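Structural features, examined
Chain by chain, the residues:
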Amino acid sequence: MSSAETRSRTAASWLRPVVAVLGLLYLALGIAGFLTPETAAVGHETSRAVWIFSVTPLLNLVHTAVGVLGLLAATRRTGAIIYCWVLFIGFTGMTAYGILATAIVNPEDPINLNWADNWLHGLTAAAALVLGILAARAVNRNAARSR
């Protein structure tokens, strides 16, 4: 294997374990939400929570899907980079929705977001943006070196 191939393989090699940990965290949160007995109800009710995070069937499904996709994306570097960008876009939207949903309390809110969820989703979006930029820069830097 040439040194260019070795550098290409090690570019952003730190990203895959980070994405795997992020996926595991969201998978654990989603599964814990499903194990909470109050998750069958829908609507805005702040008493339904795992630790400080809201739980509803829809939110548990989203968290579980994000976790499973994170674990799958962690198997390849390209998948991990794409996962970061998709996570950034998706959680930016969820954060915007969550801020509106918590500012305007609506009893028919099917997701039941609270401020802890907004912070979690906002910080996840910010982390995904930073990870995506750093990983893309590392890959581009190594591609430029190998030319």
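About the criteria used
- Sequence positions are assigned chain by chain, starting from 1 and proceeding in written order.
- It should be noted that, the model being predicted, local features are given only for residues of pLDDT at least 70 and side-chain atom pairs only at 80 or more, the latter also being counted only at that level, while totals for whole chains, interfaces and linings use all residues.
- Only hydrogens and water are removed before side-chain values are computed, so all heavy atoms of the structure are retained for them.
- Strands are runs of DSSP state E lasting at least 2 residues, helices are runs of H or I lasting at least 4, and numbering of each runs from the N terminus.
- A helix is expected to reach a length of 1.5 Å times the quantity of its residues less one.
- Remark: exposure states derive from per-residue accessible area (1.4 Å probe, protein chains only) relative to the maximum for the residue type, with buried under 20%, exposed over 50%, and partly exposed in between.
- Two N or O atoms form a polar contact when they lie within 3.5 Å of each other; inside protein one atom must be a possible hydrogen donor and the other a possible acceptor, and for residues adjacent in sequence the pair counts only when both atoms belong to side chains.
- The patches reported here contain residues having more than 30% relative accessible area and no salt bridge. Joining distances are 9 Å for like charges and 5 Å for nonpolar side chains (Val, Leu, Ile, Met, Phe, Trp, Tyr).
- Each accessible area is a Shrake-Rupley result for a 1.4 Å probe, and residues are judged covered by the shown protein chains and nothing else.
- Salt bridges are defined as contacts in which a side-chain nitrogen from Lys or Arg sits within 4 Å of a carboxyl oxygen from Asp or Glu.
- Side-chain atoms within 4.5 Å link the members of a nonpolar core, which is a set of buried Ala, Val, Leu, Ile, Met, Phe, Trp, Tyr and Cys residues.
- Contacts are residue-level and defined by heavy atoms, with any inter-residue pair within 4.5 Å sufficient.
- UniProt positions are given in the numbering used here, feature names are shortened, and annotations may be inferred rather than shown by experiment.

Let's talk about helix 5 (residues 115-146)
For the α-helix, the turn length of 3.6 residues means that residues three or four positions removed from each other point alike. Between its terminal C-alpha atoms helix 5 stretches 46 Å, which fits the 46 Å expected from 32 residues at 1.5 Å a residue. Buried residues of helix 5: Ala116, Asp117, Asn118, His121, Thr124, Ala125, Ala128, Leu131, Gly132, Ala135, Ala138 and Asn142, and no others. Where helix 5 begins, one side-chain oxygen reaches toward the backbone nitrogen of Ala116, 3.1 Å away; that side chain belongs to Asn114.

Comments concerning a nonpolar patch on the surface
Where nonpolar side chains cluster on the molecular surface, the patch consists of Trp14, Val18, Val130 and Leu134 and spans about 320 Å² of accessible area. Along the chain, the position of Val18 falls in helix 2 (residues 15-35). Taking the relative accessible area as the measure of exposure, Val18 reaches 35% and is therefore partly exposed.

Concerning the environment of Phe53
Its location among the elements puts Phe53 in strand 2 (residues 53-54). Look at Phe53 and you get buried, because its relative accessible area is 12%. Considered as a pair, Phe53 and Asn118 are 65 residues apart in the sequence and their alpha carbons are 9.3 Å apart.

Describing the nonpolar core
Ranked by size, the top nonpolar core spans 24 residues in total, and within it Leu15, Val19, Val66, Tyr83, Leu87 and Phe91 carry the most contacts. Breaking this core down by element, the ones donating at least two residues are helix 2, helix 3 (57-73), helix 4 (77-103) and helix 5. Considering every element that reaches this core, the biggest residue donor is helix 4, with seven residues. Those residues in contact with Val66 that lie beyond four places of it in its chain are Tyr26, Tyr83, Leu87 and Phe91.

Focus: the environment of Pro17
Here Pro17 lies in helix 2. By relative accessible area, which is 45% here, Pro17 ends up partly exposed.

Looking at the UniProt feature "transmembrane region" (unreviewed entry) in the protein chain
The feature "transmembrane region" (unreviewed entry), as given by UniProt, occupies residues 12-37, 49-73, 80-99 and 119-139 in the numbering adopted here. Helix makes up 100% of residues 80-99 and strand 0%, whereas the separation of the span's terminal C-alpha atoms amounts to 28 Å. Spanning residues 119-139, this segment combines 100% helix with 0% strand, and its end C-alpha atoms are found 30 Å apart.

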